[in-house]
Amino acid sequence: MTYRSIAVVGAGAWGAALANVAARAGRDVVLVARDAETAAAIREAGASPHLPDVALDPTITVAAGPAAVADAEAVLLVVPAQAHGAVAASLAGAVRPGVPVVACAKGIERGSHRFMTEVVAAALPQARPAILSGPSFAADVARGLPTAVTLAAADDAVATALAHSLGTTTLRPYHSTDVRGVEIGGAAKNVLAIAVGIVRGRRLGASAAAALTTRGFAELMRFGRAYGARIETLTGLSGLGDLVLTCASRQSRNFSFGIAIGEGLSPDAACHGGLLAEGAFTAPVLVEMARERAVDMPIATAVAAVLDGRLSVDQAIEALTTRPFRAEH
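Conventions used here
- Residues numbered from 1 in each chain as written.
- Predicted model: local features only at pLDDT ≥ 70, side-chain atom pairs only at ≥ 80, totals over all residues.
- Heavy atoms only, no water.
- Pairing = 2+ DSSP bridges.
- Helix = DSSP H or I, 4+ residues; strand = E, 2+ residues; numbered from the N terminus.
- Axes fitted to C-alpha atoms, helices over the stretch in contact; angles between N-to-C directions.
- Contact = heavy atoms within 4.5 Å.
- Domains from an automatic or database assignment.
- Buried area = accessible area lost by both parts, 1.4 Å probe.
- Salt bridge = Lys/Arg side-chain N within 4 Å of Asp/Glu carboxyl O.
- UniProt positions renumbered as here; feature names shortened; annotations may be inferred.
- 1 Å grid on protein atoms, 1.4 Å probe; cavity = no way out; pocket = protein on both sides within 12 Å on 5 of 7 lines; lining within 4 Å.
- Buried < 20%, exposed > 50% of the residue type's maximum accessible area, 1.4 Å probe, protein only.

Even after reading the chapter, I still don't get the sheet that holds strand β5 (residues 100-103), so can you show me in this structure?
In any sheet, the strands associate via hydrogen bonds between backbone groups, in a parallel or an antiparallel arrangement. Judged by pairing direction, the sheet is mixed, and its eight strands sit side by side in the order β3-β2-β1-β4-β5-β6-β7-β8 without closing on themselves. Because the sheet does not close on itself, it has two edges, and the strands there are β3 (61-64) and β8 (171-176). Within the sheet, the average angular offset between the axes of one strand and its neighbour, ignoring direction, is 25 degrees. Bridge count between strand β2 (residues 28-33) and β3: four bridges; the pairing is parallel. Residue Val32 lies in a different strand from β3, and its bridge partner there is Ala63. The sheet strands contacting helix α1 (residues 13-24) are β1 (5-9), β2, β4 (74-77), β6 (128-133) and β8, and the helix crosses β2 at an angle near 170 degrees. Contacting β4, β5 and β6, helix α4 (residues 116-123) runs over the sheet at an angle of about 150 degrees to β6.

Below, the structure is given as structure tokens:
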């Protein structure tokens, strides 16, 4: 089974990239912008303003408003994590019963502590929530460079159908029913990427960055186990794979955000150019949820403390490097 018509809600860089993917897979695609003015500008330019150097596939229809998703057999929700609830709610009257709605953001909702599929389920109870995550940069995906991701849904048939509907020779989606594991990997790795970016910005060396990435992955694993994730998911594309990518390239907004902080900018000043670092919103939520289940996450805790001004970068580094010696496992 495949979904022939796909609506991509959100015309930023990732939305444009996924719209191109779906078009290459032979689907009827509508890219839904936030308003009619933005939709008109995208149609005129033939590209998203957030990804201006990559042309949209000419078969993609660009529209605005909830009505644009009414005929879709599957919906990709490609907006920032903290906006998922409001945008999903705006589609309540348009999404048909049983239609998969795929969350394509990596984060946890502040205040409610809800994962992205839980946000979708609350706003669209008639839909089938799913999650797409993995090591992928929008520009690479949009240009058709080889990429692999994970698509998860509670129903394996839905996850499999979504994978077949979006898969091409350049995008390989692996399907899973471990929704929680995929969500945790995507959310936690953004916070850890900020930490590794800070180390890079402080010029503490490649050895320190490797150590922090590895110990950060141990934190991700502990958190994932506490919240019911499968080990094979956390060690797969949407966990370890995404962490490795995000902690190694300036294309990562979270990594670049951390570098700027490590170089001496305040968190507010580090958000230069209006770039969104999802990990900045996720860090305090991740720490709160870790405490609820007695999960030890010193790196994530240090990131949250730096972001809210409780610790300076140097104080956070000292707190981590003076922790008691212990066995690795």
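In this structure, what is going on with the domain arrangement of the protein chain? I would like to understand it.
How big an interface is tends to be reported as the loss of accessible area on association of its parts. Each assigned domain of the protein chain is listed here: domain 1 (5-177) and domain 2 (187-322). Each partner contributes residues to the interface: domain 1 has 23 residues there, and domain 2 has 24 residues. Summed over both sides, the interface of domain 1 with domain 2 buries roughly 1900 Å², with 64% coming from carbon and sulfur. Contact with domain 2 buries area across many residues of domain 1, yet Lys106, His113 and Phe137 alone supply 34% of it, more than any other trio. Counting across the domain 1 and domain 2 interface gives one salt bridge. A salt bridge links Lys106 to Asp242; the nearest nitrogen and oxygen atoms lie 2.7 Å apart. If you list the elements that add at least two residues to the side of domain 1 that touches domain 2, you get β7 (147-153) and β8.

What is the right way to look at the UniProt feature "binding site: substrate" (unreviewed entry) in the protein chain in this model?
Feature annotation in UniProt assigns "binding site: substrate" (unreviewed entry) to the following positions: Lys106, Arg253 and Asn254. Despite a sequence span of 149 residues, these residues sit close together in the fold, their greatest C-alpha distance being 12.3 Å. Put simply, the named residues that line the largest cavity are Lys106. Relative to the elements of secondary structure, Lys106 occurs in the loop between β5 and α4. Excluding residues within four positions of it along the chain, Lys106 makes contact with Ser133, Gly134, Ser136, Gly186, Ala187, Lys189, Asn190, Asp242, Glu278 and Thr282. In this fold, Asn254 is placed in helix α11 (residues 253-262). Exposure remark for Asn254: the relative accessible area of 6% places this residue in the buried category. For Asn254, the contacting residues outside a window of four places in its chain are Asn190, Ala193, Ile194, Ala277, Glu278, Gly279 and Ala280.

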